[in-house]
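Inside the fold
What follows is the residue order along each chain.
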Amino acid sequence: MPTAPRLVQSPNDIVDLQTWELEDNPFGLQGNQPKRIFVCPDNPPHSFLIGGHRYLFKEPAGWRSQQIWSEVIAYELSRDLLLPVPPAFLALGPENGAPGVLIEFMYDHPGDEPQRYVDGIELLQGAGIKTDEKRGSLLDNISLSRVLVGSPRAREWWARTIAFDAVIGNTDRHSRNWGTLVTLRPTGAEYQLAPAFDNGTSLGYAITEAKLAQKTLPSAIAKLVADGRHHFGWISGDKESAQHATLCAEMKRHVKGGVGNAMDAALDLPDHRIEAIAHWCTKFRFPEPFSDARANFVVAQLKARRNALQVALRNVP
């Protein structure tokens, strides 16, 4: 699965939205977090931005504020895990410099064919699959995706995505947090699975600074990893959502054809990359800081989640 070149934000390049145009959005934006759409100036202020392109600005605050960093770290890790994820950058709001994360719109790039996004819940309900926004079945998701985009690509996308979620501890891949990009052609609609977006509900974001040392202890990290769950189970009749690594094993066990190979990048994520990304985050002078204690916590859980995934998949043929 090809990925775009890595777009790197240096600690000196925090994006200031003071001069950016705010796009009206008459239909509103879904989700619990405050978010707005801005258009990058034609002459972009940083090399990692696209002039004239739209960006989503999310401003989680209070106990959710570390979701800013979760989005940025998830994007950085996605390149190592070979999964397309919308680029995410640290930014300051236009009114009072409030911290937020600026996320590149995943379609309508300059020169692209016109596309529209359709989320998973609409696709599932349109296909007559009974589900709801917060629950569901990975098997249903895969089956429908195989019809829309083709079997090998769907298998690979879902294998990479749930392995990625297992590594970062993402608990929010419900049926409004995955979907397809649709291109209308004379021969009909052409579907492709959209980049894996909305990755902020991950990396133990809700752990407060005061509790980081305690939560970084091996026993606490083990519990955090064991308790990590998806919104959905393997089949629609499952009464409980599935634990992250367990769901990856279920997919490898039941869906044949390169699924294990697609998860290999997550299994092989090296310690030095985990440590380098966390260390890089501490270098930013940002109103929502990423402390050394937070870096140690994130490093410990990323290594533990990767190791748990290795154990879960080791004996699955």
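Here, the structure is the one placed above.
Now for a quick tour of the structure. The shown structure was predicted, so the numbers you read here are calculated from the model rather than taken from an experiment.

What counts and what doesn't
Residues numbered from 1 in each chain as written. Predicted model: local features only at pLDDT ≥ 70, side-chain atom pairs only at ≥ 80, totals over all residues. Heavy atoms only, no water. Axes fitted to C-alpha atoms, helices over the stretch in contact; angles between N-to-C directions. Helix = DSSP H or I, 4+ residues; strand = E, 2+ residues; numbered from the N terminus. Parallel < 35°, antiparallel > 145°, perpendicular 65-115°, else oblique. Left-handed = near helix turned anticlockwise from the far one by under 90°. Contact = heavy atoms within 4.5 Å. Nonpolar A, V, L, I, M, F, W, Y, C, P; charged D, E, K, R; others polar. Expected span 1.5 Å × (residues − 1). Buried < 20%, exposed > 50% of the residue type's maximum accessible area, 1.4 Å probe, protein only. Pairing = 2+ DSSP bridges. Polar contact = N/O pair within 3.5 Å; in protein donor to acceptor, adjacent residues only side chain to side chain.

The subject of this paragraph is the packing of helix 4 (residues 151-168) against helix 7 (residues 244-254). The geometry of helix 4 relative to helix 7 is characterised by a closest axis approach of 8 Å and an angle of 160 degrees between their N-to-C directions. When the axes of helix 4 and helix 7 are compared, the pair comes out roughly antiparallel. For the pair helix 4 and helix 7, the crossing hand works out as left-handed. Contacts between helix 4 and helix 7 involve Arg155, Trp158, Ala159, Ile162, Ala163, Asp165 and Ala166 on the former and, on the latter, His244, Ala245, Leu247, Cys248 and Met251. Along the lines of polarity and charge, the residues of the contact of helix 4 with helix 7 split into 9 nonpolar, 1 polar and 2 charged.

As a further point, take helix 11 (residues 292-314). The terminal C-alpha atoms of helix 11 lie 33 Å apart, and with 23 residues this matches the ideal 33 Å at 1.5 Å per residue to within 8%. Three or more residues of helix 11 are buried, namely Arg294, Ala295, Phe297, Val298, Val299, Gln301, Leu302, Lys303, Arg305, Arg306, Leu309 and Leu313.

The next point concerns the pairing of strand 4 (residues 54-58). Of all 5 residues in strand 4, 5 are buried, a share of seventy percent or more. On strand 4, burial covers both faces: Arg54, Leu56 and Lys58 on one face and Tyr55 and Phe57 on the other are all buried. Judged from the 5 bridges that link them, strand 3 (residues 35-39) and strand 4 form a sheet pairing that is antiparallel. Residue isoleucine 37 lies in a different strand from strand 4, and its bridge partner there is leucine 56. Alignment of strand 4 against strand 6 (residues 99-104), held across 4 bridges, turns out to be antiparallel. Looking at strand 6, one finds that lysine 58 is bridged to valine 101.

Along the chain, histidine 231 turns up in the loop between helix 6 (218-227) and helix 7. Among the polar contacts listed, one links the side chain of histidine 231 to the backbone oxygen of threonine 171, at a separation of 3.3 Å. Polar contacts involving the side chain of histidine 231 include one to the side chain of aspartate 172, which spans 3.2 Å. Beyond its immediate chain neighbours, meaning those up to four positions away, histidine 231 contacts Lys134, Arg135, Thr171, Asp172, Arg173, His174 and Ser241.

Here we take up the sheet that holds strand 2 (residues 21-22). Reading across from one edge, 1-5-6-4-3-2 is the order of the 6 strands in this open sheet, with mixed pairing throughout. Across the chains shown, the open sheet's two edge strands, defined by having one partner strand only, are strand 1 (15-16) and strand 2. In the sheet, strand 5 (residues 88-92) pairs with strand 6 via 5 bridges, with the strands oriented antiparallel. Bridging from a neighbouring strand, leucine 92 pairs with proline 99 of strand 6. Its contacts with the sheet place helix 1 (residues 67-80) against strand 4, strand 5 and strand 6, and it is angled at close to 145 degrees to strand 5.

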